[in-house]
Amino acid sequence: MYKNILIAADGSEHSIRTAERAAELAGLQMGAKITIIYVVDVDQSKTDVLTQGDKTVIDQKRKERLEPIEDVLQGKDISYEIVIRHGEPGPTIVHYANDHAFDIVIIGSRGLNALQEMVLGSVSHKVAKRAKCPVMIVK
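Residue positions are counted from 1 within each chain, in the order its sequence is given. The model is predicted, so local features are restricted to residues of pLDDT at least 70 and side-chain atom pairs to those at 80 or more, both for listing and for counting; the totals for chains, interfaces and linings are taken over all residues. With hydrogens and water stripped out, all remaining heavy atoms of the structure feed into the side-chain values.

A few words on the environment of Ser15. In this description a helix means any DSSP run of H or I spanning at least four residues, a strand means any run of E spanning at least two, and both kinds are numbered starting from the N terminus. Inspection of the secondary structure puts Ser15 in helix H1 (residues 13–27). Sequence separation between Ser15 and Pro68 is 53 residues, and the spatial gap between their C-alpha atoms is 9.4 Å. Between two residues, a contact is recorded if the distance between any of their heavy atoms is within 4.5 Å. Discounting residues that sit within four places of it in the chain, Ser15 has contacts with Ala8, Ala9, Asp10 and Ile69.

Okay, structure coming up:
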């Protein structure tokens, strides 16, 4: 079924629920592996540099956003890895998913960036339209 699962995460409540759903799917398959992709968009990256200045602090804060997701997966003893990319979230997630032969992408219906969602359209919608594998959108 789903042995190679991609979770698109940003630390929002929706992305924590994606981890819970991914853990359920992975628990049904022996040897299933989850990859968590966190995309830092260009505007957020600039803001982080201007407000924090220190790359070490910025990297630590990004990792802290993913800790609740890691907690879910560690609690279920599921193998996972974290991939951090920079770019526009929708196309970056699609490109990564299509290049790595995932069985499914699981993404939250909403993320942390409400302005981008209103102006550019939903990241989850972009991923669902362009990914070559099935996409599950979690509310």
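We now examine the side chain of Ser15. Summary of the burial criterion: residues with accessible area below 20% of their type's maximum are buried, those above 50% are exposed, and those between are partly exposed, where the area comes from a 1.4 Å probe applied to protein chains only. On the accessibility criterion, Ser15 (2% relative accessible area) is buried. A polar side-chain atom of Ser15 sits 2.9 Å from the main-chain carbonyl oxygen of Ser12. Polar contact is defined as a pair of N or O atoms within 3.5 Å, subject to the rule that within protein one atom must be able to donate a hydrogen and the other to accept it, and that residues adjacent in sequence are counted only when both atoms are side-chain atoms.

We now examine the packing of aromatic side chains. Planes of paired rings set the category: under 30 degrees apart is stacked, over 60 is edge-to-face and the rest tilted, where pairs are Phe, Tyr or Trp rings (Trp by its six-membered ring) whose centres lie within 6.5 Å. Taken as a whole and judged by the stated rule, the model has one aromatic pair. Geometrically, the ring pair formed by Tyr96 and Phe102 is tilted, given 5.9 Å between the ring centres and 35 degrees between the ring planes. This pair shows no difference in class: Tyr96 is buried, exactly as Phe102 is.

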